[in-house]
Amino acid sequence: MDLKTKKEVRKYILHKRDLLDTNTKKEWDDQIFKKLVNSEFYKNAGTIFTFVSFGSEVDTHRFINYALKDEKIICVPKILSKERGIEVFKINSLKDLEPGHYGILEPKEHCHKINSEDIDLILMPGLAFDREGGRIGYGAGYYDKFLMKMRKKVKKIALAYDFQLFCRVSTDELDVKIDGIITNKEIVIFDI
Ligand SMILES: Nc1ncnc2c1ncn2[C@@H]1O[C@H](COP(=O)(O)OP(=O)(O)O)[C@@H](O)[C@H]1O
Ligand SMILES: [Mg+2]
């Protein structure tokens, strides 16, 4: 059977995720949060680059607050433009965020840029993932472009609901592989 195109998968998953009822989402977010903060890769990381959840994405606001209290250095992306891609800025609080591109919360002007070589762990957003490290994002390739420029080898862990994880999804040579995924059901670290 042919794999569905990225575009088809994005539409299907986004729709399905947007339809999650509030209580189920809360329960699954809680399960993912607990798996994350109890993981060795969280405990061993000093500086964490995380997406700031938007819409029906797995919640990261609770995680950001927790990690800041836990004295982790937290940095988040800011979209500069389609051509210039994303850059990463340190935040000290959720109050350092304001709505930016697409309405996603982004670091305010006063935040300091982080050198990508200082990052120890990356928490990745996305729509669909597979057990070989494949990832389908929203279709702008921002993370692929950012990660391609990174020289340091850093663990890239996706946060997603179980229905976003497949055996195989369509990818191409520009898609940077992720190292693992945390869902409401499991933590999987890929053997890649
Ligand atoms: N490292 C890169 N350099 C230049 N273009 C890239 C790079 N990575 C991805 N792209 C381009 O960005 C666009 C979106 O990538 P795609 O993988 O479809 O999106 P997403 O990763 O958000 O799902 C594609 O046209 C892809 O070829
Ligand atoms: Mg991609």
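The notes below deal with the structure included here. For every chain, the first residue of the written sequence is number 1, and numbering continues from 1 along that sequence. Note on labels: chains are lettered from A, ligands numbered from 1, in written order. Residues qualify for local features only when their pLDDT is at least 70, as the model is predicted, and side-chain atom pairs are given and counted only at 80 or more; totals for whole chains, interfaces and linings, by contrast, use all residues. Values shown for side chains rest on all heavy atoms present in the structure; no hydrogens or waters enter the calculation.

Let's talk about empty space enclosed by the protein
A pocket here means an open set of points on a 1 Å grid, computed over the protein atoms alone, that has protein on both sides within 12 Å along at least five of seven lines. A cavity is instead a set of points where a 1.4 Å probe fits but cannot get out; residues with an atom within 4 Å of a point line either one. Grid points are joined across faces, edges and corners, and a volume is the space filled by probe spheres set on the points. Going through the model one piece at a time under the given rule, you end up with 1 cavity of 30 Å³ or more. Computed from the structure, the largest cavity encloses a volume of approximately 30 Å³. Forming the boundary of the largest cavity are Asp29, Ile32, Phe33, Leu36, Val58, Asp59, Phe63 and Leu159. Labels follow the DSSP assignment, with helices taken as runs of H or I lasting at least four residues and strands as runs of E lasting at least two, numbered in each case from the N terminus. Broken down by element, the lining of the largest cavity gets its largest block of residues, 4 residues, from helix α2 (residues 22-37). Residue composition of the lining of the largest cavity, by class: 6 nonpolar, no polar and 2 charged. Gly counts as polar in this scheme, as do all residues outside two lists: the nonpolar Ala, Val, Leu, Ile, Met, Phe, Trp, Tyr, Cys and Pro, and the charged Asp, Glu, Lys and Arg.

Details of the layout of surface pockets
One number sums up the size of the largest pocket: a volume of about 630 Å³. Forming the walls of the largest pocket are 32 residues, and the residues nearest its centre are Ile104, Pro125, Tyr138, Tyr142 and Tyr143. Broken down by secondary-structure element, the contributors of at least two residues to the lining of the largest pocket are α1 (6-18), β2 (73-81), β5 (105-107), β8 (135-136) and α5 (142-149). Here the lining of the largest pocket is composed, by residue class, of 16 nonpolar, 5 polar and 11 charged. Estimates place the volume of the second largest pocket at around 220 Å³. The element contributing the most residues to the lining of the second largest pocket is α1, with 4 residues.

Scope: geometric values only; no functional claims are made or implied.
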